[in-house]
Amino acid sequence: MPNNKSETIIYWAPGHSASDHFDLNHLYPELKSLYEDSVNKKASLTGKDNNYFLMCPAFSDLAKNTFVHRAPVDTHAILDFNRNRVNYVFGSPADENKHKVKLEFKHQPTLEGHNLIQYTWPILFFSEEDSMMATLTAPYFEHTVSQNYGAIIPGRFDIGKWFRHMNAEYQLWPGVTEIKIPANEALFYVHFETDKKIVFKRFIINREIERLRASIVGVSPFRKFARLSERYKVLEQSQSKQRILKLIKKQLVVD
C-alpha cells in the first residue's frame, strides 16, 4: 500500500480473457512513463537550454503520469473489408511461427470512407480512488509506422468507477486496405489525471474477474450509448467496486 497521501495505487493487467488457450502475460512488459521514455533518449548537450523540456513542469507533470502501451510483435496484414478477412504478410517463412496479434472487424465505418480495424492487445486499469480519469490518445510524441495507415481512436473514462479494458482501434485513412505495426511501436498513451505519484500493481485476470468485467460491460440496464455517468452509478449502487478490488488483490503478482 502507498505509505502517504502523495501516492495512489492503480491496478493493471494484460486484458486477455482467462479462457484463452495461451497465457500472454509474459508478452506485456512493465509499464514505462512517457517521461522515463524521454529521459532515456535525452541528448548529451551543455548550456542553459540542456534538456530544457525535460526540466519544464508543463511537460514533466504531464509526461510522468502518461504511460506507453507497445506492440509485442511485427504485424503486417492485408485487410479485406468486403469479406472481413485478414491476410497476414510475413517477411520470411520463419516469421509465420511468431505470435500474431488478432486484427478484428469490430465496427462498421463511423466516418464515410474510413474503415475501422481493432488491434486486439488490451490492457486493463482500475483505481482505488473514488475517481480517476484515464485518457487514451495516439502516441503523439514519436513517429509511428501505423500513423501512415490510420489514427488511433481516442477516449476517456473513470477507472475508479468503471471496469473495462482499453484496446487499440484504428480509423484507417480513405482507401487504405493494409496496416503495418512494428514490434515495440507505441500503440497508444494512457494519461491518468492525478497529482499523486502512481504506484502500479500488476494482477492476473482469472475466470471470475473476466466474467465480472464482461458482465459489467455487456449486461446493461440502459439504452445503447447511455452516458458513462449512468453506468458509473451501477457499480456504486451495487458495491461492485469493493468486489472488484477484493478479487484483484487475490490475483496480485507481487503483494
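Owing to the predicted nature of the structure, the values given are computational and were not obtained by experimental measurement.

1. Here's the deal with the overall build of the protein
Summing up its helical and strand segments, the protein has 6 helices and 14 strands in all. A compact globule built from 255 residues should have a C-alpha radius of gyration of about 18 Å, and the protein, at 20 Å, falls within 12% of that. Counting the 255 residues in the protein, one finds 43% classified as buried. Intrachain contacts of the protein at a sequence separation of at least 6 include 75% that bridge at least 24 residues.

2. Considerations on the sheet that holds strand S13 (residues 186-192)
Strand order in this open sheet of 5 strands is S2-S3-S13-S8-S10, and the pairing throughout is antiparallel. At either end of the open sheet lies a strand with only one pairing partner, and these are strand S2 (32-33) and strand S10 (155-158). Both strand S3 (residues 66-70) and S13 contribute to a ladder of 5 bridges, which runs antiparallel. Directly across from valine 68, in S13, lies its bridge partner tyrosine 189.

3. Overview of the packing of aromatic side chains
For any two aromatic rings, the description comes down to two numbers: the centre-to-centre distance and the angle of the planes. Under the defined criterion, the tally for this structure stands at 13 aromatic pairs. Relative to phenylalanine 192, the ring of phenylalanine 125 lies with its centre 5.1 Å away and its plane at 75°, an arrangement referred to as edge-to-face. Residue phenylalanine 125 is located in strand S7 (residues 116-127), and its partner phenylalanine 192 is located in strand S13; the two are separated by 67 residues in the primary sequence. Given a relative accessible area of 0%, phenylalanine 192 falls into the buried group. Each ring, one from phenylalanine 192 and one from phenylalanine 200, has its centre 6.0 Å from the other, and the planes form 65°; the classification is edge-to-face. Cluster of aromatic residues (ring-pair linked, three or more members): Phe67, Phe125, Phe192 and Phe200. When the ring centre of tyrosine 35 is taken as reference, the NZ or CZ atom of lysine 64 above it lies at 4.9 Å. Taking the ring centre of phenylalanine 126 as reference, the NZ or CZ of lysine 241 above it sits at 5.7 Å.

4. Thoughts on unusual backbone geometry
The phi angle at asparagine 84 is positive, at roughly 55°, despite the residue not being glycine. On the secondary structure map, asparagine 84 appears in the loop between strand S4 (75-80) and strand S5 (85-88). Despite not being glycine, asparagine 184 shows a phi value in the positive range, around 75°. Assignment of secondary structure puts asparagine 184 in the loop between strand S12 (178-181) and S13.

5. Some details on the side chain of glutamate 185
If you trace the backbone, glutamate 185 turns up in the loop between S12 and S13. Among buried charged residues, glutamate 185 stands out as having no salt bridge; its nearest opposite-charge side chain is arginine 70, 7.7 Å away. Side-chain polar atoms of glutamate 185 contact the backbone nitrogen of valine 145, separated by 2.7 Å. In contact with glutamate 185, not counting residues within four places along its chain, are His69, Arg70, Ala71, Thr144, Val145 and Ser146.

6. Section: the sheet that holds S5
Through backbone hydrogen bonds, the strands of a sheet pair up, either in parallel or in antiparallel fashion. Taking strand neighbours across the sheet as the criterion, the 3 strands line up as S5-S4-S12 in an open arrangement whose pairing is antiparallel. In this open sheet, the two strands that pair with only one neighbour each are S5 and S12. Across this sheet, the average inter-strand angle for adjacent strands is 25°, counted without regard to direction. Two strands pair when backbone bridges link them, and S4 and S12 are joined in this way by 4 bridges, in the antiparallel orientation. Paired with isoleucine 78 across the bridge in S12 is glutamate 178.

7. Considering the pattern of salt bridges
Tallied over the full model, the rule gives 9 salt bridges. For glutamate 193, the salt bridge is made with arginine 156, and the minimal N-O distance between the two is 3.0 Å. Pair noted here: glutamate 193 is in the loop between S13 and strand S14 (197-202) and arginine 156 is in strand S10, with a separation of 37 residues, a long-range link. Taken together, the salt bridges that share partners define one network made up of Asp37, Arg70 and Glu142.

8. Considering the environment of aspartate 20
In this structure, aspartate 20 sits in the loop between strand S1 (7-14) and S2. Sequence separation between aspartate 20 and alanine 151 is 131 residues, and the spatial gap between their C-alpha atoms is 28 Å.

9. Some remarks on the nonpolar core
Residues Tyr119, Phe125, Tyr170 and Phe192 are the most contacted members of the largest nonpolar core, which totals 55 residues. For this core, the element with the highest residue contribution is S7, accounting for 7 residues. Once residues within four sequence positions are removed from consideration, tyrosine 119 is found in contact with Ala71, Pro72, Val73, Thr75, Val101, Lys102, Leu103, Asn167, Ala168, Tyr170, Ile181 and Leu187. Membership of the second largest hydrophobic core comes to 8 residues, among which are Leu34, Tyr35, Phe59 and Val68.

Calculation rules
Residues numbered from 1 in each chain as written. Predicted model: local features only at pLDDT ≥ 70, side-chain atom pairs only at ≥ 80, totals over all residues. Heavy atoms only, no water. Helix = DSSP H or I, 4+ residues; strand = E, 2+ residues; numbered from the N terminus. Rg over C-alpha atoms; globule rule 2.2 N^0.38 Å. Buried < 20%, exposed > 50% of the residue type's maximum accessible area, 1.4 Å probe, protein only. Contact = heavy atoms within 4.5 Å. Pairing = 2+ DSSP bridges. Phe/Tyr/Trp six-rings, centres within 6.5 Å; stacked < 30°, edge-to-face > 60°. Lys NZ or Arg CZ within 6 Å of the ring centre and 35° of its normal. Lys, Arg positive; Asp, Glu negative; His and termini not counted. Salt bridge = Lys/Arg side-chain N within 4 Å of Asp/Glu carboxyl O. Polar contact = N/O pair within 3.5 Å; in protein donor to acceptor, adjacent residues only side chain to side chain. Axes fitted to C-alpha atoms, helices over the stretch in contact; angles between N-to-C directions. Core = buried A, V, L, I, M, F, W, Y, C linked by side-chain atoms within 4.5 Å.

Nothing here speaks to function; it is all geometry.
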